[in-house]
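The lines below spell out each chain.
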Amino acid sequence: MSKDAVESARAPARIQAAQAAQTPADAGDAGYSKDLKARHVNMIAIGGAIGTGLLLGAGGRLHNAGPALALAYLVCGVFAFFVVRALGELVLYRPSSGSFVSYAREFLGEKGAYVAGWMYFLNWSTTGIADITAIALYTHYWSMFTSIPQWVLALIALAVVLAVNLISVKIFGELEFWFSIIKVATIVGFMLISIFLLATQHKVGGHTPGLSVISDHGGLFPHGAMPVVLVMQGVIFAYAALELVGIAAGETAEPEKVVPRAVNSIMWRVGLFYVGSVVLLALLLPGSVYSADESPFVTVLSKIGVPAAGDVMNLVVLTAAMSSLNSGLYSTGRILRSMAMAGSAPKFTARMNRSQVPYGGILLTCAVCVLGVGLNYLMPSQAFEIVLNIASLGIISTWVIIMICHMIFVRRARAGLATRPHFQLKFSPVIEIATIAFLLICLGMMWNDPEVGRKTILLIPVIAVMLVAGWFGVRRRVSKTTDQELTELSRSTN
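Residues numbered from 1 in each chain as written. Predicted model: local features only at pLDDT ≥ 70, side-chain atom pairs only at ≥ 80, totals over all residues. Heavy atoms only, no water.

Each helix and strand counted, the chain has 21 helices and 0 strands in total. Across the 494 residues in the chain, those meeting the buried criterion constitute 59%. Intrachain contacts of the chain at a sequence separation of at least 6 include 80% that bridge at least 24 residues. Just so you have it, the chain exposes about 19,700 Å², and 66% of that area is on carbon and sulfur atoms. (Helix = DSSP H or I, 4+ residues; strand = E, 2+ residues; numbered from the N terminus. Buried < 20%, exposed > 50% of the residue type's maximum accessible area, 1.4 Å probe, protein only. Contact = heavy atoms within 4.5 Å. Areas by Shrake-Rupley, 256 points an atom, 1.4 Å probe, with all protein chains shown as cover.)

All right, on to unusual backbone geometry then. A cis amide bond, omega 5°, links Ser428 with the succeeding residue Pro429. Looking at the element boundaries, Pro429 is found in the loop between helix 18 (383-414) and helix 19 (430-445). Even without being glycine, Gln201 reaches a positive phi, approximately 60°. Mapped onto the fold, Gln201 is located in the loop between helix 9 (169-200) and helix 10 (211-215).

Our next topic: the environment of Ser397. Secondary-structure assignment places Ser397 in helix 18. Sequence separation between Ser397 and Asn123 is 274 residues, and the spatial gap between their C-alpha atoms is 9.3 Å. Within the structure, Ser397 has its side chain in polar contact with the backbone oxygen of Gly394 (distance 2.8 Å). (Polar contact = N/O pair within 3.5 Å; in protein donor to acceptor, adjacent residues only side chain to side chain.)

Moving on, we get to the confidence of the model for the chain. Overall, the predicted model of the chain reaches an average pLDDT of 83, with 88% of residues at or above 70. Ranking the elements of the chain by mean pLDDT puts helix 1 (residues 3-21) last, at 43, and helix 19 first, at 93. Note on residues 1-24: pLDDT under 50 across the span, and 41 contacts to partners over four residues away in sequence or across chains. (pLDDT = per-residue confidence, 0-100.)

With 30 residues, helix 14 (residues 255-284) should cover 44 Å at 1.5 Å per step; its first-to-last C-alpha distance of 42 Å lies within 8% of that length. When the local axis directions of helix 14 are compared, the greatest deviation, roughly 35°, occurs at Arg269. Counting buried positions along helix 14 gives 21 out of 30 residues, so the element sits mostly inside the fold. (Expected span 1.5 Å × (residues − 1). Bend = angle between axes of the 7 residues up to and from the residue.)

Another point: the nonpolar core. Judged by nonpolar contacts, the single largest core of 158 residues is most densely connected at Tyr73, Phe100, Trp118, Ile236, Tyr239 and Trp399. Looking at this core element by element, the count peaks at 17 residues for helix 5 (residues 69-93). Apart from the residues within four sequence positions on either side, Phe100 is in contact with Leu87, Ala116, Tyr120, Glu243, Ile247, Ile335, Thr398 and Ile402. (Core = buried A, V, L, I, M, F, W, Y, C linked by side-chain atoms within 4.5 Å.)

As a further point, take the packing of aromatic side chains. Describing an aromatic ring pair means giving the distance of the ring centres and the angle of the ring planes. Applying the stated rule across the entire model yields 17 aromatic pairs. Relative to Trp471, the ring of Tyr114 lies with its centre 5.3 Å away and its plane at 65°, an arrangement referred to as edge-to-face. Of this pair, Tyr114 sits in helix 7 (residues 110-139) while Trp471 sits in helix 21 (residues 459-493); the two residues are 357 residues apart in sequence, bridging distant segments of the chain. Accessibility assignment for this pair places Tyr114 and Trp471 in one class, buried. Put simply, the rings of Phe79, Phe81, Phe82 and Phe438 touch in pairs and so form one group of aromatic residues. Here the basic side chain of Arg85 rests over the ring of Phe423, its NZ or CZ set 4.0 Å away from the ring centre. (Phe/Tyr/Trp six-rings, centres within 6.5 Å; stacked < 30°, edge-to-face > 60°. Lys NZ or Arg CZ within 6 Å of the ring centre and 35° of its normal.)

With respect to the element layout, Thr332 can be found in helix 16 (residues 309-342). Distance in space between the C-alpha atoms of Thr332 and Gly98 is 9.4 Å, their sequence separation being 234 residues. Setting aside anything within four residues of it in sequence, one finds Thr332 in contact with Phe121, Trp124 and Thr365. Reaching out from Thr332, the side chain makes a polar contact with the backbone oxygen of Leu329 at a distance of 3.4 Å.

Let us look at helix 4 (residues 57-65). Those residues of helix 4 that fall on the buried side of the exposure criterion are Ala58, Gly59, Gly60, Arg61, Leu62 and Ala65. Residues of helix 4 that are buried make contact with helix 3 (52-55), helix 5, helix 11 (226-230), helix 12 (232-239), helix 14 and helix 15 (296-303). Once helix 4 finishes, Gly66 follows within two positions and takes phi at roughly 80°, a positive value.

All right, on to the packing of helix 5 against helix 19 then. It is the contact of helix 5 with helix 19, at a shortest axis distance of 10 Å, that shows an interaxial angle of 130°. Between helix 5 and helix 19, the angle is such that the two are oblique. As helix 5 runs across helix 19, the sense of the crossing is left-handed. Residues Val75, Cys76, Phe79, Phe82 and Val83 of helix 5 touch helix 19, and the partners they reach there are Ile431, Ala434, Thr435 and Phe438. Along the lines of polarity and charge, the residues of the contact of helix 5 with helix 19 split into 8 nonpolar, 1 polar and no charged. (Axes fitted to C-alpha atoms, helices over the stretch in contact; angles between N-to-C directions. Parallel < 35°, antiparallel > 145°, perpendicular 65-115°, else oblique. Left-handed = near helix turned anticlockwise from the far one by under 90°. Nonpolar A, V, L, I, M, F, W, Y, C, P; charged D, E, K, R; others polar.)

Let us now look at the pattern of salt bridges. Applying the stated criterion across every chain, the model contains 3 salt bridges. A salt bridge links Arg94 to Glu106, with the shortest nitrogen-to-oxygen separation between them at 2.8 Å. Here Arg94, found in the loop between helix 5 and helix 6 (99-108), pairs with Glu106, found in helix 6; they are 12 residues apart in sequence, far enough to count as distant. Residue class for Arg94 comes out buried when judged on its relative accessible area of 8%. Of the charged contacts in the structure, one is a salt bridge between Glu110 and Arg105, with a shortest N-O distance of 3.3 Å. A single burial state applies to Glu110 and to Arg105, both of which are buried. (Salt bridge = Lys/Arg side-chain N within 4 Å of Asp/Glu carboxyl O.)

Along the polypeptide, Ser344 turns up in the loop between helix 16 and helix 17 (359-378). Judged by its relative accessible area of 1%, Ser344 falls in the buried class. Discounting residues that sit within four places of it in the chain, Ser344 has contacts with Tyr114, Trp118, Met339, Val474, Arg477 and Val478.

At a minimum axis separation of 12 Å, helix 9 and helix 15 run at an interaxial angle of 40°. Viewed along their axes, helix 9 and helix 15 adopt a mutual orientation that is oblique. As helix 9 packs across helix 15, the resulting crossing turns out to be left-handed. Facing Ile187, Phe190 and Ile193 of helix 9, the residues of helix 15 in contact are Phe297, Val300 and Leu301. Of the residues that constitute the contact of helix 9 with helix 15, the class distribution is 6 nonpolar, no polar and no charged.

This part covers the environment of Ala225. With respect to the helices, strands and loops of the structure, Ala225 is situated in the loop between helix 10 and helix 11. With 159 residues separating them along the chain, Ala225 and Gly66 place their C-alpha atoms 9.8 Å apart.

Right, dumping it as structure tokens:
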């Protein structure tokens, strides 16, 4: 049977098999528990929207871009919402722990699923390295840990989060729930303090808070528009992990109720936590006062004499990094299992333990993170920056693939080959095309940053060569698995 025949027949066969035989439309979905509750998924959505990108990274970006950083967060937040809304519609069409990799397999074929899965693995495995590096750096903040080598702290952090992930999905959900509670409580507390400072006109570091702080120090664009454009890449990375909602939906009992609530709430959370926080920061102190070396929240609180502000915020940022690492191991475990069942990932990544956790994929991600421990040993001062930029390529490609899948899904629905759920991304394909164009423009603009961005773009051909070489290594196994799957689905519909 030809590849074209396989691909054209697979989608209708899967729909019929899922509806008539009530079997998973993706072989990688079988065997999971449904232990994630609505509160877990909701807080995973919040946790994905609040991380070190805001708690730590906003300081350096405010310094470089000025108050207009709030506009950058708003614009990127809108496009991030479009991506999650599109993914949410696909989830309600067919919940899958393989998430966008499973949808890429259905709408783009095995090559599309292969690229989607391994680019997402690249994103989270390198993000994992960044996270354990950040955890080690934040831990060194306290004098009692300064004598412990950075690589040792990184290894300990990895071991702890690995143990949590291997126990059960319920433990993962519970831990992520409390991690998110801590982050939300911190942001809300800071915003209340900031509003009080604005209302009382209490001086902060010698500056009277208000619009005058912006107007007297260069306005919205103190360094011009280009710095705002250049920080877009970092802002997009700050929103990475929002797509976790789609993966988590595969392990919840009622995705049709949970997912729409979680996705719809993301927009106002983005507006409140990201844009609101940056606006308040800009109204309290000039952008030049903030620094990439310190959380902007610590900068403000220390200026008004809050005792132990640095210790409290360092603990919160440490929690955010642990949360990110926790989410990365969770998501890559599920994605790799979906790929392994299709033949495009190593067979051992399909294995599950007694707690219905895909430990094979989690261990593979940890293996890459262990390389990060070595990177921390060899280049402790550069490890974080190196991996962060590689991760940005992974998240941009993932979001582009989600939008392409949604566009093809809508086209099939209009042709009568699929049924769109009530929860929809409107104005297709205009929204998808605009989002893809925006993401590619942000990627291209990185070339204007010779120190970091240009080197990141030069990695694209290297990654492409690795993907092509890898595909030639797995294509026979993928083709064999595809033919077996199609045969089984055909039998189930007869």
